[in-house]
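# Structural overview
The chain contents come next:
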Amino acid sequence: SQTIHQWPATLVQPVGSPLSLECTVEGTSNPNLYWYRQAAGRGLQLLFYSVGIGQISSEVPQNLSASRPQDRQFILSSKKLLLSDSGFYLCAWSVGLHEKLFFGSGTQLSVL
Amino acid sequence: AQKITQTQPGMFVQEKEAVTLDCTYDTSDQSYGLFWYKQPSSGEMIFLIYQGSYDEQNATEGRYSLNFQKARKSANLVISASQLGDSAMYFCAMREASTGYQKVTFGTGTKLQVIP
């Protein structure tokens, strides 16, 4: 069966520090991968999505970046975190054109 | 323009009553898919129901049904016989043919509280 792993669950980082959040999917091949951010009590903002290795589509031109070094690995990064980067980050995957998204358990990021 | 609009930030419903959560969408595509997700306080995202734009019947999954009105571009979620465990955030989402169905856009959500 397919599973998605996302870590860490919580993270507290100072402003200006780097960030690396990792997401891996097991049990499927060539998934579409997604990073979403959710501000407290708000909706889901699509940050990046990827349909294949090295293929990244960016929805938010800010200080975040994403990479897909392997088929089932998706990494969200920042060189210097801002206070506004605080939020709940969710990784998700899907296979097929009309399929639902399967979500990871999320990372609560607090930038102080 | 917002792709997905959920105009109800918060809703209350009495236990065992039915409730409708509104969702309108904006697309010029003929082919698209609509989804509803539930997010309890734990943060996990739980898939509830899916409606394809070419589906003639409204989707149903247990106590969940989707009231799909294509001409009005609305896809309201109906929860019948509400339970205390239904208290959560609910999100409407869409995939469109014009993005190759790759991009999934979410609304801002509705917080549902079920009252005993």
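Throughout what follows, the structure given in this document is the object of discussion.

Where two aromatic rings form a pair, the distance of their centres and the angle of their planes describe that pair. Summed over all chains, the structure comprises 13 aromatic pairs over all chains. Residues Tyr 36 of chain A and Phe 103 of chain A carry aromatic rings whose centres are separated by 6.0 Å and whose planes lie at 45° to one another, so their mutual orientation is tilted. With a gap of 67 residues between them, Tyr 36 of chain A in strand β4 (residues 32–38) and Phe 103 of chain A in strand β10 (residues 102–103) connect regions that are remote in the sequence. Both residues of the pair, Tyr 36 of chain A and Phe 103 of chain A, count as buried. Centre to centre, the rings of Phe 103 of chain A and Tyr 37 of chain B are 5.5 Å apart; their planes meet at 85°, and the pair counts as edge-to-face. Of this pair, Phe 103 of chain A sits in strand β10 while Tyr 37 of chain B sits in strand β5 (residues 32–39), which puts the two residues in different chains. In this pair, the class of Phe 103 of chain A matches that of Tyr 37 of chain B, namely buried. Clustering of aromatic rings is evident, with ring pairs tying together Tyr 34, Tyr 36, Tyr 49 and Phe 103 of chain A together with Phe 35, Tyr 37, Phe 47, Tyr 50 and Phe 106 of chain B. Directly above the aromatic system of Tyr 64 of chain B lies the positively charged group of Arg 63 of chain B, at a separation of 5.7 Å from the ring centroid.

This brings us to unusual backbone geometry. Across the junction of Trp 7 of chain A and Pro 8 of chain A, the peptide omega takes the value 0°, indicating a cis bond. Phi angles above zero are rare outside glycine, and Lys 16 of chain B is one such case at about 80°. With respect to the element layout, Lys 16 of chain B can be found in the loop between β2 (10–14) and β3 (19–21).

What counts, and at which threshold
- Residues numbered from 1 in each chain as written.
- Chains lettered and ligands numbered in written order.
- Predicted model: local features only at pLDDT ≥ 70, side-chain atom pairs only at ≥ 80, totals over all residues.
- Heavy atoms only, no water.
- Phe/Tyr/Trp six-rings, centres within 6.5 Å; stacked < 30°, edge-to-face > 60°.
- Helix = DSSP H or I, 4+ residues; strand = E, 2+ residues; numbered from the N terminus.
- Buried < 20%, exposed > 50% of the residue type's maximum accessible area, 1.4 Å probe, protein only.
- Lys NZ or Arg CZ within 6 Å of the ring centre and 35° of its normal.

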